[in-house]
Amino acid sequence: MPRSARDFNPFVNRGRRHVPLIFLTFVVFWVTSVAVSINATTRARHHGAVIEVASRQRTLAERYVQQVLLVRAGRDADPQTTAGLLRASADALLKGGDVPAVEGDDDERRIPGQDDPVVRAQLVQQRKLVHDLTLAGEAVLAGRPVDERGLQAHERLEVKDPVEQLRVLAALTSNVSLNAAHAIGASADRRISDLVRMELLLGIGGLLTTLGLAFAIMAATRRQTAHFRSLVTASTDLVLVFGPEGCRYASRSVAHALGRTDTELLGDGFERLVHADDRALVAEARLHGRPPGLLFRVADQSGSWRHLEAHVTDLRADRHVASVVFNGRDVTERVQLEEELTLQAFHDGLTQLPNRALFRDRLDQALARSERTGESLAVLLLDLDGFKQVNDSLGHDAGDQLLVSVAERLRAVVRPSDTVARLGGDEFAVLLEGASEQTAVGLSERLLERLEETATVGGHNLIVAASIGIAIHETGALPEHLLRDADVAMYAAKEAGRGRYQVFHADMAREFGELLGLEHDLRLGLERGEFTLHYQPEIALESGVIVGVEALVRWNSPTRGLTQPLRFIPLAEQSGLIVRLGEYVLREACAQTAAWRASGLLPEQFVTWVNVSGKQVATGRLHTVVREVLDGAGLPPQFLGLEVTETALIEEGAARDRAREQLENLHSIGVRIAIDDFGTGFSSLGQLRDFPLDMIKVDRSFVQGVEHNPKDAAITANLVNLAHALGVVAIAEGIESGGQLEQVRAVGCDLAQGFLFARPMTPDELGVLLAEGDAAAALAAEPA
């Protein structure tokens, strides 16, 4: 080790040779000496506390930034308290007074104000920067840009990002606080130096008479030096001093942070511990004193990398130091938090794939490169087929396992340069740069083949299928256009039978664009209240009276006119809007039935039947919604009937159990249950036995052929007999002729519904019909 590195001591007392002069001066000028000493000591005794408070501002500024970022990331922190400490400490440093305590750091104390113009100017600037820092922190938390017009320090902020502005202001606050501490220390040093010089002059004549006082002054000076030594050595800041030969001094905080000894740190030892990628940057800073700030990695005792952030001060021109000084701190935890937040912001937490935001960013960059180079690119949008059934039957944990397995298979098939992302749910995307349509098709085929391999999830062997939409980049295309086209192609693949791929072409855009437009209008229609209900009577064939009605939804769109249910109901089912639409129909029908009942128009056995989609049953909230609607309308449950399609009852596993539980819950309070379109699905007698039923509706497809088709007549008769065998009512729907009516009467059907009796009518029209009484009975005798 070089001798200069071994002997370097920044706290050596260089004034010992002047002691004899001090003794001689004090002999003659002991009175002046005492007065000067008392005055200087009184003015300097609080400098240590002031410097400590000024230095503490750096830590509070960094803590404030960290707490703002934690709150912004959804973590628990209290930046407002730290901001208050910063402001109170800045005021106390400038004006004097009580300095608030910092929990876990120090206690409340009282310090004097500063009268040095240089120090006051720096403290005034610090107070302005504290104001700007807290203003920037509030802007970050509020999610708005920093209004530079409200900044007091008038610092020019080159960056525009609020978080980066916050960090810049924190760095400026730290630097000004450090400079203020240095200035206060320098002021104290000047006062002590002035005192020493005065003592040298006065001590020449006062040696013989004031020997004891001279020793006392020397002791006080040593105590003062020891105080400043303690401040530096006990500081949490990491202090490193570098000369041409390497590290000349490392504070105890450095050894503690890295778990290293002085032997390992001094000389060229410290530089060997620096990460190879950062070594050139550190060497540049220690040799030339620039850049003024740097972030680098150093290996600790365990071999882990610690991230150090250092402020570089070039003191080579100072003959007492003649070195470059690093004042730093360990920011490993902050860097790790930033990396974790970045990962969370741009990656899917389950599969660790890029998320939608990162995929969109890479797509933007890829399109820019494609425009420059003329190379084509492709976007693949992949959606799993039947994923909902996995969640419903095996649970969401199994579904998550399946998504992870799919992500691994996708990564294994694509090229390293390609981007695979999870956009949400069971939807994935692949970005292929430099890929033609042939390349994209070939990859899609390999992906489908790989996905068809058996996957073991939750103890079950599953075969995964997917639908893939392919969009090829064309010159001038925007990212949203590519994603839209791939989405349209993916839905075309699903419509074509699933488990396949489709390449987007213009005809798809026209076809699916119409569907997307219809879905958009459907959403707006629900928000604007463009839907109404009509009611079609149900007739008891034995008595000829109206015993119920079926509520039928109608949509009169301001742009499309009267839209047939066959046009918008399937789309509502596919898009999930059927749940909102079904709840609307349920509320309107119950409110209208309650109004008819309040007017005395309904017999006690009257039932208003409302169609319920399988998706409404699948939500698991049907029984809750029905109870809320009945209570809100004040309608007894026995006046409401729910028509459930046969396909909603043939689900297997947990979905079927939930459906049965909900229907049993409603049936137990008096709500009637019917199977709609019976005979067109695949339900078994065992399934019929398991569900609570009051009525079976014979589908119009059989009723319309009952006159002339022996098979339809036989099916109708068997369905009616089955209903009676189960102890429930049978109703034939879609009756349009007298012959059909006679046939369903002949096979013993209980109720009938169709244009032969009445078309769907408005609530007012039906109210008039119900009020006429006898006219209602005449519907069966004199069909419409």
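Notes on the structure in this doc start here. (Residues numbered from 1 in each chain as written. Predicted model: local features only at pLDDT ≥ 70, side-chain atom pairs only at ≥ 80, totals over all residues. Heavy atoms only, no water.)

## What to know about the overall build of the chain
And then number 1: In terms of helices and strands, the chain carries 30 helices and 23 strands.
And then number 2: Put simply, the chain has 784 residues, and 46% of those count as buried.
And then number 3: Long-range pairs, those at least 24 residues apart, make up 65% of the contacts in the chain between residues at least 6 apart in sequence.
And then number 4: For the chain, the exposed surface amounts to about 37700 Å²; the carbon and sulfur share of it is 52%. (Helix = DSSP H or I, 4+ residues; strand = E, 2+ residues; numbered from the N terminus. Buried < 20%, exposed > 50% of the residue type's maximum accessible area, 1.4 Å probe, protein only. Contact = heavy atoms within 4.5 Å. Areas by Shrake-Rupley, 256 points an atom, 1.4 Å probe, with all protein chains shown as cover.)

## A look at the pattern of salt bridges
And then number 1: The full count for this structure, using the stated rule, is 34 salt bridges.
And then number 2: Across the pair Lys494 and Asp383 runs a salt bridge whose closest N-O atoms are separated by 3.0 Å. Taken together, the residues span a long stretch of sequence, with Lys494 in helix 18 (residues 479–495) and Asp383 in strand 8 (residues 377–385) at a distance of 111 residues.
And then number 3: In this structure, the salt-bridge partner of Lys697 is Glu550, at a minimum N-O distance of 3.2 Å. In this pair, Lys697 is assigned in strand 21 (residues 695–698) and Glu550 in strand 16 (residues 546–557), connecting sequence segments 147 residues apart. (Salt bridge = Lys/Arg side-chain N within 4 Å of Asp/Glu carboxyl O.)

## Regarding the pairing of strand 16
And then number 1: Of all 12 residues in strand 16, 10 are buried; the element is thus mostly enclosed.
And then number 2: In the sheet, strand 15 (residues 531–540) pairs with strand 16 via 9 bridges, with the strands oriented antiparallel. Within the sheet, the bridge partner assigned to Glu538 lies in strand 16 and is Gly548.
And then number 3: Counted between consecutive antiparallel strands, the loop separating strand 15 from strand 16 contains 5 residues, among which Gly544 sits at a positive phi close to 80°.
And then number 4: Where strand 16 and strand 18 (residues 607–612) come together, 4 bridges link them in parallel fashion. Within strand 18, the residue paired with Gly548 across the bridge is Val607.
And then number 5: Note: strand 16 against strand 17 (residues 561–563), 3 bridges, orientation antiparallel. When the bridges of strand 17 are listed, Asn556 appears paired with Leu562.
And then number 6: The turn joining strand 16 and strand 17, which pair antiparallel and follow one another in sequence, is formed by 3 residues. (Pairing = 2+ DSSP bridges.)

## What to know about the sheet that holds strand 9 (residues 419–424)
Within a sheet, each strand pairs with its neighbour through backbone hydrogen bonds, oriented either parallel or antiparallel.
And then number 1: Taken together, 5 strands build an open sheet; the order of strands is 9-10-8-13-14 and the sheet is mixed. Whereas interior strands pair on both sides, the edge strands pair on one side only; in this sheet they are strand 9 and strand 14 (501–503). On average, each strand axis in the sheet is inclined to that of its neighbour by 20°, with strand direction left out of account.
And then number 2: In this structure, strand 8 lies alongside strand 10 (residues 427–433), joined through 7 bridges in antiparallel fashion. Across the sheet, the residue bridging to Ala378 is Leu432, located in strand 10. (Axes fitted to C-alpha atoms, helices over the stretch in contact; angles between N-to-C directions.)

## Looking at the packing of helix 21 (residues 578–598) against helix 23 (residues 622–633)
And then number 1: Interhelical geometry of helix 21 versus helix 23 gives an angle of 30° and a closest axis separation of 9 Å. By the criterion of interaxial angle, the relationship of helix 21 to helix 23 is roughly parallel. Crossing hand, helix 21 versus helix 23: right-handed. Judged by residue contacts, Glu583, Leu586, Arg587, Cys590, Ala591 and Ala594 of helix 21 engage Val625, Val626, Val629, Leu630 and Ala633 from helix 23.
And then number 2: A breakdown of the residues in the contact of helix 21 with helix 23 according to their chemical character gives 9 nonpolar, no polar and 2 charged. (Parallel < 35°, antiparallel > 145°, perpendicular 65-115°, else oblique. Left-handed = near helix turned anticlockwise from the far one by under 90°. Nonpolar A, V, L, I, M, F, W, Y, C, P; charged D, E, K, R; others polar.)

## Remarks on the packing of helix 5 (residues 79–95) against helix 6 (residues 117–142)
The geometry of a pair of packed helices is captured by two quantities: the angle between their axes and the separation between those axes.
And then number 1: Taken N-terminus to C-terminus, the directions of helix 5 and helix 6 make an angle of 165°; their axes are 9 Å apart at the nearest point. Between helix 5 and helix 6, the angle falls in the class roughly antiparallel. The crossing of helix 5 and helix 6 is left-handed. On the side of helix 5, the interface is formed by Pro79, Gln80, Ala83, Leu86, Arg87, Ala90, Asp91, Leu93, Leu94 and Lys95, while helix 6 contributes Arg120, Leu123, Val124, Gln126, Arg127, Val130, Leu133, Thr134 and Leu141.

## Focus on helix 6
And then number 1: Between its first and last C-alpha, helix 6 extends 38 Å over 26 residues, near the 38 Å set by a 1.5 Å rise per residue.
And then number 2: Taken together, the buried positions of helix 6 are occupied by Val119, Leu123, Gln126, Leu129, Val130, Asp132, Leu133, Thr134, Ala136, Gly137, Ala139 and Val140.
And then number 3: Once helix 6 finishes, Gly143 follows within two positions and takes phi at roughly 70°, a positive value. (Expected span 1.5 Å × (residues − 1).)

## Focus: the environment of Thr134
And then number 1: Mapped onto the fold, Thr134 is located in helix 6.
And then number 2: Thr134 gets classed as buried once you look at its relative accessible area, which sits at 4%.
And then number 3: Separated by 66 residues in sequence, Thr134 and Val68 have C-alpha atoms that sit 9.7 Å apart.
And then number 4: Setting aside its immediate chain neighbours within four residues, Thr134 contacts Tyr64, Ala83 and Arg87.

## Quick word on the sheet that holds strand 7 (residues 323–330)
And then number 1: Strand order across the open sheet formed by 5 strands is 4-3-7-6-5, with antiparallel pairing between neighbours. A single partner strand is all that each edge strand has here, and the edge strands are strand 4 (246–250) and strand 5 (293–299). Taking the axes of each pair of neighbouring strands and ignoring which way they run, one obtains an average angle of 35° across the sheet.

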